[in-house]
Amino acid sequence: MSTTVTLGPLYRADAPRCAELEELLFPGDDPWSAQSFRDAVSSGQLYLAARAGDELVGYAGLAVVAGPPMAEAEVHTIGVDPAWQGHGIGRALLAALLAAADELRATVFLEVRTDNEPARTLYESTGFVVVGTRRRYYRPSMADAYTMRRERAARQDVADR
Ligand SMILES: CC(C)(COP(=O)(O)OP(=O)(O)OC[C@H]1O[C@@H](n2cnc3c(N)ncnc32)[C@H](O)[C@@H]1OP(=O)(O)O)[C@@H](O)C(=O)NCCC(=O)NCCS
């Protein structure tokens, strides 16, 4: 792709565009509203935007639900504008979230629809494994979800001694 895509913070002002993308990406699975994005961004969690110039083309969010020494985090959301999918943006967003999780040595959890092969493939390629199934997890579609887990990063300072 010739246009440069950059990653940076997601802002409250991005909320309407995120909600628009959610409608496209998660029809039937209770897409987040603009208010949900405003709340998430204001909560101090790590929310990132992928931008092509002024256009928001992707977003992702990570919530830290427990701090060290047994840190845990959850990937809350990740989405890429359909017109921009397949160019590495989702992988870059996820890598940025996981780098933050690794700094805390957090175990990371997420839910993904069992039929969402692109997302599951992406997650598996970054170390997530399926650890359970949640029947009828999504509303109103009632689709099933896999729970996936990625173990905390090894402690380099110990391993290197
Ligand atoms: C999942 C999603 C975020 C991936 O974003 P993307 O920018 O298209 O993904 P990338 O181009 O970075 O590809 C990353 C990896 O995803 C996987 N992938 C992407 N598209 C795929 C497809 N159509 N089929 C299978 N795997 C696919 C591949 O493993 C790919 O790695 P590789 O191309 O390096 O081998 C995007 O498809 C999306 O927004 N989907 C709808 C929303 C969604 O399902 N979000 C996840 C909810 S849990």
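What counts as what
- Residues numbered from 1 in each chain as written.
- Predicted model: local features only at pLDDT ≥ 70, side-chain atom pairs only at ≥ 80, totals over all residues.
- Heavy atoms only, no water.
- Core = buried A, V, L, I, M, F, W, Y, C linked by side-chain atoms within 4.5 Å.
- Buried < 20%, exposed > 50% of the residue type's maximum accessible area, 1.4 Å probe, protein only.
- Helix = DSSP H or I, 4+ residues; strand = E, 2+ residues; numbered from the N terminus.
- Contact = heavy atoms within 4.5 Å.
- Near = heavy atom within 4 Å.
- Polar contact = N/O pair within 3.5 Å; in protein donor to acceptor, adjacent residues only side chain to side chain.
- 1 Å grid on protein atoms, 1.4 Å probe; cavity = no way out; pocket = protein on both sides within 12 Å on 5 of 7 lines; lining within 4 Å.
- Sits in = over half its atoms within 2 Å of the grid points.
- Nonpolar A, V, L, I, M, F, W, Y, C, P; charged D, E, K, R; others polar.

Looking at this model, I keep getting lost on the nonpolar core. Mind explaining?
Looking at soluble globular proteins, one finds that nonpolar side chains tend to be buried together. By size, the foremost hydrophobic cluster in this structure holds 27 residues, and its most contacted members are Val75, Leu93, Val108, Tyr123 and Phe128. Among the elements of the structure, strand S2 (46–52), strand S3 (55–66), strand S4 (72–80), helix H3 (89–103), strand S5 (107–113) and helix H4 (117–125) are those that each provide at least two residues to this core. If you tally residues by element for this core, the top one is H3, at six residues. Sequence-distant contacts of Val108, defined by excluding residues within four places in its chain, comprise Leu62, Ala73, Val75, Leu98, Ala101, Phe128, Met148, Arg149 and Arg150. Counting residues in hydrophobic clusters, the runner-up holds 13 residues, among them Cys18, Ala19, Leu21 and Tyr59.

How should the site of the ligand be read in this particular structure?
Around the ligand, the surrounding shell holds 20 residues, and the nearest of these are Val80, Gly88, Gly90, Arg91 and Asn116. Contact distances for the ligand include 2.7 Å between an oxygen atom and a backbone N or O atom of Gly88. Interatomic distance of 2.8 Å between a side-chain N/O atom of Arg91 and an oxygen atom of the ligand. Under a 2 Å grid-point criterion requiring more than half of the atoms, the pocket assigned to the ligand is the largest pocket. Secondary structure elements with two or more residues in the shell around the ligand: S4, H3, S5 and H4. In terms of residue count, H4 provides more of the shell around the ligand than any other element does, five residues in total. Partitioned by chemical class, the residues of the shell around the ligand number 10 nonpolar, eight polar and two charged.

Just distances and angles here, no functional claims.
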